[in-house]
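Coordinates in review
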Amino acid sequence: WTNGRSGLRCKEPLSQSIIVAGHYFVEVVEMLKYHVAVCDDEKSDLDGIVQSVQQYDVQGCFDIETYMDGNELLSELQMQKKSFDLLLLDIEMPSNGFQLAQSLIQMEKHPLVVFVTKRHEYAVQGYGIAFRYLVKPLDQTLFAAAMDAVLQELNSKHFTIEYDGVTMSLETSDIYFWKATDIKF
């Protein structure tokens, strides 16, 4: 990711195969992307949040999935059918957003949660659960600032390696051993 005028941007697509540490074959075939879930029980609010993400993400670096039912989202995550890097989550839904977020943060690999709700009274309750808290309707400047912070946090959980002209991003939690030999400066 590189800093740009309209926020952080992803790097160019990668389309080469490389060998990491002489043992692992890794094929990188597409642009590095983050997986984003948006969950809101009101269709117009859901569409508005998605539109804000798309406006922020001018290079198309986010894969976005939408949910109107928090229980469906939770079920898919618990059954490991899906995984997300970021969850933009409404609080006031039939499936309570607070309870959903609390269940998610108990999981080993869970998304960053950004609460997006109509009431700021919930902000204090959101501390310790959510990464950020935004009030609807979304202010685009505040949304962009929150997304910049999200990307910084997500990027800090990745290790970028360059080998033979190819750049690849690995999750730090997926790296168990690293050995470098014949390093020349």
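As a convention, each chain's residues are numbered from 1 in the sequence order in which they are written. Only residues with pLDDT of 70 or above have their local features reported here, since the model is predicted, and side-chain atom pairs are shown and tallied only from 80 upward, although totals for entire chains, interfaces and linings are computed over all residues. The side-chain quantities take in all heavy atoms of the structure and omit both hydrogens and water.

1. Some points on the pairing of strand 7 (residues 86-89)
- We call a residue buried when its accessible area falls under 20% of the maximum for its residue type, exposed when it is over 50%, and partly exposed in between, using a 1.4 Å probe and counting protein chains only. Numbered from the N terminus, helices here are DSSP runs of H or I no shorter than four residues, and strands are runs of E no shorter than two. Alternating positions in strand 7 separate into two faces, L86 and L88 on one and L87 and L89 on the other, with burial throughout.
- Strands were regarded as paired on the criterion that DSSP finds at least two bridges between them. Strand direction decides the pairing type here: strand 5 (residues 34-39) and strand 7, joined by four bridges, are parallel. Pairing of V36 across the sheet is with L86, part of strand 7.
- As judged from the four bridges shared by strand 7 and strand 8 (residues 112-117), these two strands associate in the parallel manner. Bridge pairing in strand 8 links L89 to F115.
- With strands facing away from the observer, any crossover in which the path from the first strand over the helix to the second runs clockwise is taken as right-handed. With helix 3 (residues 97-105) bridging strand 7 and its parallel neighbour strand 8, the resulting β-α-β unit is right-handed.

2. A few points about the environment of L134
- With respect to the helices and strands, L134 occurs in strand 9 (residues 132-135).
- Assessed through its relative accessible area of 8%, L134 is described here as buried.
- Setting aside residues no more than four positions away along its own chain, L134 makes contact with V114, F115, V116, T117, L142, F143 and A146. Any two residues whose heavy atoms approach within 4.5 Å are treated as being in contact.

3. Quick look at unusual backbone geometry
- With an omega of -5°, the peptide bond running from K136 to P137 counts as cis.
- In this structure, P137 sits in the loop between strand 9 and helix 5 (140-156).

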